[in-house]
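Take a look at the letters that make up each chain.
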Amino acid sequence: MKLKTLKEFIAEQMQDPEFKKLWDESEEEYQQELARLKAEIEADEKAGIVHHPTYEEAIAWMKNYEVANA
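Description of the structure in this document.

Calculation rules
Residues numbered from 1 in each chain as written. Predicted model: local features only at pLDDT ≥ 70, side-chain atom pairs only at ≥ 80, totals over all residues. Heavy atoms only, no water. Helix = DSSP H or I, 4+ residues; strand = E, 2+ residues; numbered from the N terminus. Rg over C-alpha atoms; globule rule 2.2 N^0.38 Å. Buried < 20%, exposed > 50% of the residue type's maximum accessible area, 1.4 Å probe, protein only. Contact = heavy atoms within 4.5 Å. Areas by Shrake-Rupley, 256 points an atom, 1.4 Å probe, with all protein chains shown as cover. Lys, Arg positive; Asp, Glu negative; His and termini not counted. Charge placed at Lys NZ, Arg CZ, Asp CG, Glu CD. Phe/Tyr/Trp six-rings, centres within 6.5 Å; stacked < 30°, edge-to-face > 60°. Lys NZ or Arg CZ within 6 Å of the ring centre and 35° of its normal. Axes fitted to C-alpha atoms, helices over the stretch in contact; angles between N-to-C directions. Parallel < 35°, antiparallel > 145°, perpendicular 65-115°, else oblique. Left-handed = near helix turned anticlockwise from the far one by under 90°. Nonpolar A, V, L, I, M, F, W, Y, C, P; charged D, E, K, R; others polar.

To continue, consider the overall build of the protein chain. A tally of regular secondary structure across the protein chain gives three helices and zero strands. Taken from N to C terminus, the helices and strands of the protein chain fall in the order α-α-α. Relative to the globule expectation of 11 Å for 70 residues, the C-alpha radius of gyration of the protein chain, 15 Å, shows a markedly less compact shape. In terms of principal-axis extent, the alpha carbons of the protein chain reach across some 45 × 30 × 15 Å. Relative to its 70 residues, the protein chain shows a buried fraction of 14%. A sequence separation of at least 24 residues applies to 40% of the contacts in the protein chain between residues at least 6 apart. In the form shown here, the protein chain has an accessible surface area of approximately 5900 Å², with 58% of it arising from carbon and sulfur atoms. Of note, the protein chain has its 9 positive side-chain charges centred 5 Å away from the centre of its 17 negative side-chain charges.

On to the packing of aromatic side chains, then. Within this structure, the stated rule accounts for one aromatic pair. Over the aromatic face of Tyr-55 sits the side chain of Lys-38, whose NZ or CZ is 5.3 Å from the ring centroid.

For the pair helix α2 (residues 17-46) and helix α3 (residues 55-68), interaxial distance at closest approach is 10 Å and the crossing angle is 150 degrees. Overall, the two elements α2 and α3 adopt an arrangement that is roughly antiparallel. Once α2 is placed against α3, the crossing between them reads as right-handed. Of the residues in α3, those in contact with Tyr-30, Glu-33, Leu-34, Leu-37, Lys-38 and Ile-41 of α2 are Tyr-55, Ala-58, Ile-59, Met-62, Lys-63 and Glu-66. Classifying every residue of the contact of α2 with α3 by side-chain character gives eight nonpolar, no polar and four charged.

Next up on the list: the environment of Tyr-30. Mapping Tyr-30 onto the fold places it in helix α2. The exposure class of Tyr-30 is buried, given its relative accessible area of 14%. Distance from Tyr-30 to Glu-8, taken between C-alpha atoms, is 20 Å for residues 22 residues apart in sequence. Tyr-30 has contacts with Ile-59, Met-62, Lys-63 and Glu-66, leaving out every residue within four places of it along the chain.

Laid out in structure tokens, this is it:
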């Protein structure tokens, strides 16, 4: 069995009206959380604190978390 990419998995799930409705409803909250994380990471980097993952790593983690908890 071929493993699916995240994009393929989401595209498949979007065919389910209930999943799509929940996805669409959560988009604004998701975008707000991304902006908050980015601002927090940038502020820490300016302050010399680098214990956070990069912005890209944080995005990847959030996408994996969403798929696992869908």
